[in-house]
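Chain and residue survey
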Amino acid sequence: MAKKDRINFSKIGAIAAATGSAVGLGNIWRFPYLLGESGGGAFLLVYILCVIFLGLPVMISEFSIGRMAQANAAGSFRTLAPKGKWWLVGLMGVICSFIILGFYVVVSGWTLEYIAQSIGNKFSHVSPAQLNQSFTNFSTDTFRPIGWMILFTAFTCAIVLAGVKDGIEKSTKFMMPLLFLIIIILGIRSITLPNGTEGLKFLFKTDFGKINSEVVLSAMGQAFFSLSLGMGCMITYGSYMNKHNNLSSTALQVTILDTLVAILASIAIFPAVFSFGIDPAQGPELVFITLPHIFSQMQGSAIWSTLFFILLALASLTSTISLLEVIVAYMNEELHISRAKAAIGSSVGVIILGVMASFSLGIWKEFTIFGLGFFDLFDALTSKVLMPVGGIFISLFVGWKIDKQKIYKELSSNGKYKIPFLNVFLLITRYLAPLAILLILLNQFGLTKWLGF
Ligand code: PHE
């Protein structure tokens, strides 16, 4: 176990790295389309409740586990509970990272295609219908998306190979503010489109009738996905955090920034959706159709869209690095495989999954498991099953398995910070979070009815 020479993030570096992991396609691509499919404001409300009551406590738990143990996801559980089978929770996280990467790199590859198209000024004077058609042609193509996907995976692998600290700390500190700025500008442009306020109504009007078990599960899954929780990523990053870092305030800041980016992205997208008469329940292609269309209405459209897709690609990159790091730290510390071999070997595996996911949108469209192609299967399996289940075990571990005094010491950095919420935190990790997640899962899979509730 690499205890002595473990990398230490600076205070800002820790926020930048964790926010870099959290902010990604989940916020700008996935959140808006899920919201569109699930009826707008109702989804937003349930999402925010999940973030506050489940996401934040699980993030604090993960940071504490990692920093206490100073090890990778599985190694952390093994260090803190050497006798039990808890390390399996960490191993599940490693597997989960792998599956997430399998579809994530496909969409990341799409962002590269859109950078190329933006530079070629392909979006000016094009109707939404044409944008839609060209997206479909591209994403169902056999080779083109795969080329970009392989390139993106290679970038990820190169950065992980070079070591995380310099790459992530430096790049995220610079990129995240830029991303905010661009999304705010786009939001303003989008709201001021004719009919744009309809989109804001859709976003903020809560129709309670639209909340059902499917919406709740999808909001909870999105909260875990967007905050990179339940699969050891924040354990791994927590293990790189400095002993003086105030873990709960770092977690709070990351959570707020992540949620803000998701809301800003929706503010940019939905007014445009209503203004151009696009179906809000469009699905994964939403961002790739609406945003190019807003750009096409702006002065200097090629510059804006190039900048936006570059930032989207970079935001994805800081997430894919964190996903690959979970696997590489595990292989390196637990299986004693060199970082180089681990990074290259796992990237090859990711590319194979990526090919399966990409083909499932085109030539393998007919091939489904439980009614889902590989792309959707990887997505649903991770965000709707593995991450929430991981969240249950992580909460239980911190709530019941680790001594309360040890948790206090970790969260307060040995008494340096006041932790007035300790009892509330333990109440949530012991009871509320595990039970709520379990109920949401059971409810969605129809088991509560079956059990006679
Ligand atoms: N949180 C990232 C996003 O929103 C995805 C991710 C999930 C990254 C899990 C790391 C771990 O895009």
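Per chain, residue numbering runs from 1 following the sequence as it is written. Where totals are concerned, whole chains, interfaces and linings use all residues; where local detail is concerned, this predicted model gives features only for residues with pLDDT of at least 70, and gives and counts side-chain atom pairs only at 80 or more. To obtain the side-chain values, all non-hydrogen atoms of the structure were included, while hydrogens and water were left out.

A few points about empty space enclosed by the protein
- Put simply, the grid is 1 Å and covers the protein atoms alone, a cavity is a trapped set of points that fit a 1.4 Å probe, a pocket is an open set with protein on both sides within 12 Å along at least five of seven lines, and lining residues have an atom within 4 Å of a point. Grid points are joined across faces, edges and corners, and a volume is the space filled by probe spheres set on the points. Scanning the entire structure with this criterion turns up 1 cavity of 30 Å³ or more.
- Lining the largest cavity are 16 residues; nearest its centre among them are Ser21, Tyr104, Phe225, Ser228 and Leu323.
- Secondary structure elements follow DSSP: runs of H or I of four or more residues count as helices, runs of E of two or more count as strands, with numbering from the N terminus. When residues of the lining of the largest cavity are traced back to their parent elements, those giving at least two are α1 (11–22), α2 (25–37), α5 (87–119), α10 (213–226) and α14 (301–334).
- Looking at the lining of the largest cavity, the element that brings in the most residues is α14, giving 3 residues.
- Any residue that is not Ala, Val, Leu, Ile, Met, Phe, Trp, Tyr, Cys, Pro, Asp, Glu, Lys or Arg is counted as polar, Gly included; the first ten are nonpolar and the last four charged. Looking at the lining of the largest cavity residue by residue, the classes come out as 8 nonpolar, 8 polar and no charged.

Observations concerning a nonpolar patch on the surface
- Without a salt bridge and with relative accessible area above 30%, a residue can belong to a patch; like charges are then joined within 9 Å and nonpolar side chains (Val, Leu, Ile, Met, Phe, Trp, Tyr) within 5 Å. Per-residue and other accessible areas follow the Shrake-Rupley method at a 1.4 Å probe size, with only the shown protein chains counted as cover for residues. Here a salt bridge means any side-chain nitrogen of Lys or Arg lying within 4 Å of a carboxyl oxygen belonging to Asp or Glu. Taken together, the side chains of Leu45, Leu49, Ile52, Phe53, Phe208, Trp400, Leu427, Tyr431, Leu432, Leu435 and Leu438 present a nonpolar region at the surface, about 1100 Å² in accessible area.
- Elements that contribute at least two residues to the nonpolar patch include exactly α3 (41–69) and α18 (422–444).
- Looking at the nonpolar patch element by element, the count peaks at 5 residues for α18.
- Tracing the backbone shows Leu49 in helix α3.

A closer look at α18
- With 23 residues, α18 extends 31 Å from end C-alpha to end C-alpha; this agrees with the ideal 33 Å at 1.5 Å per step.
- The bend reported for a residue corresponds to the angle between axes fitted to the seven residues ending at that residue and the seven starting there. Considering bend angle alone, the principal kink of α18 is centred on Ile428 and spans about 45°.
- Whether a residue is buried, partly exposed or exposed follows from its accessible area with a 1.4 Å probe, protein chains only, as a fraction of its type maximum: under 20%, in between, or over 50%, in that order. Those residues of α18 that sit buried are Leu422, Phe425, Leu426, Ile428, Thr429, Ala433, Pro434, Ile437, Ile440 and Leu441.
- Note on contacts: a residue pair qualifies if any of its non-hydrogen atoms lie within 4.5 Å across the two residues. Those residues of α18 that are buried lie in contact with α3, α10, α16 (374–401) and α17 (404–411). Given a helix with a known number of residues, its expected span is that number minus one, times 1.5 Å.

A look at the packing of α5 against helix α7 (residues 144–162)
- In this description, a line fitted to the C-alpha atoms serves as the axis of each element, helices being fitted only across the stretch in contact, and the angle between N-to-C directions of two axes falls anywhere from 0 to 180 degrees. The geometry of α5 relative to α7 is characterised by a closest axis approach of 7 Å and an angle of 105° between their N-to-C directions. It follows that α5 is roughly perpendicular to α7 by the angle criterion. Along the contact surface, α5 presents Val105, Val106, Ser108, Gly109, Trp110, Leu112, Glu113 and Ala116, while α7 presents Arg144, Pro145, Trp148, Met149, Leu151, Phe152 and Thr153.
- Across the contact of α5 with α7, the residue classes break down as 10 nonpolar, 3 polar and 2 charged. In what follows, roughly perpendicular refers to angles from 65 to 115 degrees, roughly parallel to angles under 35, roughly antiparallel to angles over 145, and oblique to any angle outside these ranges.

A few points about the packing of aromatic side chains
- Ring pairs are drawn from Phe, Tyr and Trp, using the six-membered ring of Trp, whenever the two centres fall within 6.5 Å, and their geometry is named by plane angle: stacked under 30 degrees, edge-to-face over 60, tilted for the rest. Considering all chains together, one arrives at 35 aromatic pairs under this definition.
- Aromatic side chains Tyr114 and Phe135 sit 6.3 Å apart centroid to centroid with 55° between the ring planes, which places their arrangement in the tilted category. Residue Tyr114 is located in helix α5, and its partner Phe135 is located in helix α6 (residues 128–139); the two are separated by 21 residues in the primary sequence.
- The exposure class of Phe135 is buried, given its relative accessible area of 3%.
- When the centroid spacing of 5.6 Å and the interplanar angle of 35° are considered together, the rings of Phe367 and Phe374 count as tilted.

Observations regarding the side chain of Thr111
- Within the secondary structure, Thr111 sits in helix α5.
- If we ignore the near neighbours within four places in the chain, the residues touching Thr111 are Leu25, Phe288, Phe309, Leu312 and Ala313.

Brief notes about the environment of Ile99
- Looking at the secondary structure, you find Ile99 in helix α5.
- On the accessibility criterion, Ile99 (12% relative accessible area) is buried.
- The sequence separation of Ile99 and Tyr431 amounts to 332 residues, and the corresponding C-alpha distance is 29 Å.
- Contacts of Ile99, omitting those with residues within four sequence positions, involve Leu353, Phe378, Leu381, Thr382 and Leu386.

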